[in-house]
Amino acid sequence: MSRILYAIQGTGNGHLSRALDVVPLLQARCEQLDVLVSGPPADLPLPFDVKYKARGMGFAFGKKGGINFVKTFAQFNSVKFVHEVRHLPVESYDLVISDFEPVSSWACKLRHVPCVALSHQSAVLHPAAPRPDREDPAGRAVLKHYAPSTAQYGFHFQRYAPEIFTPVIRQQVRERSPINEGHYTVYLPAFEEEILVERLQHLSRSVRWEVFSKHSSEPAEYGNVRVWPVSGPAFLDSLARAAGVLCGAGFETPAEALYLGKKLLVMPMKQQYEQQCNAAALEKMGVPVIKNFKDKNLDKVDQWLHQDQVIAVDYPDQTGAVLDRLLREQL
């Protein structure tokens, strides 16, 4: 038995969604599991104790399709980050596992303690993973050095290499029986509510859109567009009942949509290298990709609305086996 620190990047909901399955499995496999979450307050309620809460080094979503770099840099406190790195007792654990979490990763690097990456980002960086046509050396450098690690176990949309595994589909999703009630679920956190409503209504005033917005605090209805604040249960319910899903080119939401057999259209966030890589991978699988909401791209969305193309995937429940392999190889 052993003491393990599991550190989670709290920006966005993808890492936290994966943790809902990973944490109880790790708890069953070690003597003591402590959890660290860094970043802004989570949209998802966490059903497990968090021992360390850190400010970390998160990203701020913009309102026009990209990252708000001004806000991102303004909220980053380098003095606080260094303090968190220096005072995190990583040397007192038998193993540190990081899901793209920078405080634990840099604490390990400074103290020469092994840090194991268990993340989607480590799969994106793998030489066998798909790349966009236009390379982004700066974006790739950020992805590589943001949370350094000494060993990597990655999740991606397909198994591009032996150390890359198919997505962790949380049990709440696996337990759902998907149906089609005709609406389209939308999750584009880098757009503000007003832009989404205008663009979606420009696309169609007959299609029912169910939008989940990080910039909204109260439910609202604008004709055929309904907007809700981000909520785990409500979003999953909408996803399971949807005819299709329009979302960013993150990882967890597209993976869950594919698993549930929903037709999918993605729009990668601007100036976000990881999402550009994800879009390249999804496009190779047959998922349509648009760059933005400009009028020249709307024909592609309209075509997607009127077709029934669903990409078949095989995402078995292998999280326990992945953790067993990681612990066997790293402890």
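The paragraphs below set out a description of the structure included in this document. Everything numeric here is computed off the predicted structure, so don't read it as measured data. (Residues numbered from 1 in each chain as written. Predicted model: local features only at pLDDT ≥ 70, side-chain atom pairs only at ≥ 80, totals over all residues. Heavy atoms only, no water.)

Remarks on the overall build of the chain
Heads up, the condition is: Secondary structure elements follow DSSP: runs of H or I no shorter than four residues count as helices, runs of E no shorter than two count as strands, and numbering proceeds from the N terminus. The reference for a compact globule is 2.2 Å times residues^0.38; the radius of gyration itself is calculated from the C-alpha atoms. The classification of residues rests on relative accessible area computed with a 1.4 Å probe and restricted to protein chains. Under 20% of the type maximum is buried, over 50% is exposed, and intermediate values are partly exposed. Method for areas: the Shrake-Rupley scheme with a 1.4 Å probe, in which residue coverage is limited to the protein chains shown. In this charge count, Lys and Arg are treated as positive and Asp and Glu as negative; neither His nor the chain ends contribute. Charge positions come from single atoms, namely NZ of Lys, CZ of Arg, CG of Asp or CD of Glu.
Across its full length, the chain holds 13 helices and 13 strands. Radius of gyration (C-alpha) of the chain: 19 Å, near the 20 Å computed for a compact globule of 331 residues. Principal-axis analysis of the C-alpha atoms places the extent of the chain at approximately 60 × 40 × 40 Å. Across the 331 residues of the chain, 56% fall into the buried class. Here the chain displays about 14800 Å² of accessible surface, and carbon together with sulfur accounts for 51% of that area. Side chains of the chain give 37 positive and 36 negative charges; the mean places of these two sets differ by 5 Å.

Section: the sheet that holds strand β5 (residues 116-119)
The strands making up a sheet associate through hydrogen bonds between their backbones, and the pairing can be parallel or antiparallel. Counted only if it meets this: For two strands to count as paired, DSSP must find a minimum of two bridges between them. When checking whether two residues touch, look at their non-hydrogen atoms; a contact exists if any pair is within 4.5 Å. Helix axes are fitted only over the stretch in contact, all axes being lines through C-alpha atoms; the angle between N-to-C directions runs from 0 to 180 degrees.
If you trace the seven strands from one edge of the open sheet to the other, you get β3-β2-β1-β4-β5-β6-β7, paired in parallel fashion. Lying at the two open borders of the sheet, with one neighbouring strand each, are β3 (52-54) and β7 (164-165). Pairing of strand β2 (residues 32-38) with β3 involves three bridges; the strand directions are parallel. Looking at β3, one finds that Leu36 is bridged to Tyr52. Taken strand by strand, helix α13 (residues 319-330) contacts β1 (3-9), β4 (95-99), β5, β6 (151-155) and β7, and its axis lies near 175° from that of β6.

Some words on the layout of surface pockets
Heads up, the condition is: Here a cavity is any set of points on a 1 Å grid over the protein atoms alone where a 1.4 Å probe fits but cannot get out, and a pocket is any open set with protein on both sides within 12 Å along at least 5 of 7 lines; a residue lines the site when it has an atom within 4 Å of a point. Grid points are joined across faces, edges and corners, and a volume is the space filled by probe spheres set on the points. The nonpolar class holds Ala, Val, Leu, Ile, Met, Phe, Trp, Tyr, Cys and Pro. Asp, Glu, Lys and Arg form the charged class, and all remaining residues, Gly among them, are polar.
In this structure, the second largest pocket spans a volume of roughly 750 Å³. Along the walls of the second largest pocket sit 25 residues, with Pro132, Arg134, Pro268, Gln276 and Lys291 positioned nearest its centre. If you list the elements that add at least two residues to the lining of the second largest pocket, you get α11 (273-285) and α12 (295-305). Across the lining of the second largest pocket, the residue classes tally to eight nonpolar, five polar and twelve charged.

Structural notes on the environment of His126
Quick note on the threshold: Each polar contact in these results corresponds to two N or O atoms within 3.5 Å; when the atoms are within protein, one needs to be able to donate a hydrogen and the other to accept it, and residues that are neighboring in sequence are counted only if both atoms are side-chain atoms.
Following the sequence through the fold, His126 ends up in the loop between α5 (120-124) and α6 (137-145). When near neighbours in sequence (up to four residues on either side) are disregarded, His126 contacts Arg131, Ala161, Glu163 and Ile164. Only 3.0 Å separates the side chain of His126 from the backbone nitrogen of Ala128, close enough to count as a polar contact.

Section: the packing of helix α3 (residues 78-87) against helix α4 (residues 102-111)
Let me state the cut-off plainly: Any angle that falls under 35 degrees is termed roughly parallel, while one over 145 is termed roughly antiparallel, one within 65 to 115 roughly perpendicular, and all others oblique. It is the rotation of the near helix from the far one that decides the hand of a crossing: anticlockwise by less than a right angle makes it left-handed, clockwise makes it right-handed.
In the contact formed by α3 and α4, the axes pass within 8 Å of each other and the chain directions differ by 60°. For the element pair α3 / α4, the angle class is oblique. In this structure, α3 meets α4 at a crossing whose hand is right-handed. Across from Phe81, Glu84, Val85, Arg86 and His87 in α3, the residues of α4 making contact are Pro102, Val103, Trp106, Ala107, Leu110 and Arg111.

Thoughts on unusual backbone geometry
Unusually for a residue other than glycine, Phe100 sits at a positive phi of about 55°. For Phe100, the location among the structural elements is in the loop between β4 and α4. Look at Phe100 and you get buried, because its relative accessible area is 9%. For His112, which is not glycine, the phi dihedral falls at a positive 60°. Mapped onto the elements of the fold, His112 is located in the loop between α4 and β5. For His112, a relative accessible area of 75% corresponds to the exposed category.

Digging into helix α9 (residues 232-241)
With seven of ten residues buried, α9 is to be regarded as a mostly interior element. Those residues of α9 lying buried are Gly232, Phe235, Leu236, Ser238, Leu239, Ala240 and Arg241. As for α9, its buried residues are in contact with α7 (171-174), β8 (184-187), β9 (209-213), β12 (244-248) and α10 (252-259).

Re the packing of helix α1 (residues 14-27) against α13
Close contact between α1 and α13 brings their axes to 10 Å; oriented N to C, the two are set at 55°. Compared by their axis directions, α1 and α13 come out oblique. For the crossing formed where α1 meets α13, the hand is right-handed. On α13, the residues that touch Val22, Leu25 and Leu26 of α1 are Thr319, Gly320 and Leu323. For the contact of α1 with α13, a count of residues per class yields four nonpolar, two polar and no charged.

Here we look at the pattern of salt bridges
Stated formally: Counted as salt bridges are all cases of a side-chain nitrogen of Lys or Arg within 4 Å of a carboxyl oxygen of Asp or Glu.
Counted under the stated rule, the structure contains 16 salt bridges. Its salt-bridge partner being Glu252, residue Arg18 comes within 2.2 Å of it at the nearest N-O pair. With Arg18 in helix α1 and Glu252 in helix α10, this residue pair connects regions lying 234 residues apart in the sequence. Assigned by exposure class, Arg18 and Glu252 land together as buried. Arg170 serves as the salt-bridge partner of Glu256, at 2.7 Å between the closest nitrogen and oxygen. Linking Glu256 in helix α10 with Arg170 in the loop between β7 and α7, this pair joins segments that are 86 residues apart in sequence. As far as burial versus exposure is concerned, Glu256 and Arg170 are alike and both buried. Connected through salt bridges with shared partners, the residues Arg176, Glu181, Glu210, Asp237 and Arg241 form a single ionic network.

Describing the nonpolar core
Let me state the cut-off plainly: To define a nonpolar core, start from buried Ala, Val, Leu, Ile, Met, Phe, Trp, Tyr and Cys residues and group those joined through side-chain atoms within 4.5 Å.
Counting residues in hydrophobic clusters, the biggest one holds 54 residues, and the most contacted among them are Tyr6, Leu118, Phe157, Leu258 and Leu264. Considering every element that reaches this core, the biggest residue donor is α1, with six residues. With 23 residues, the next largest nonpolar core counts Val186, Leu196, Val225 and Leu305 among its residues.

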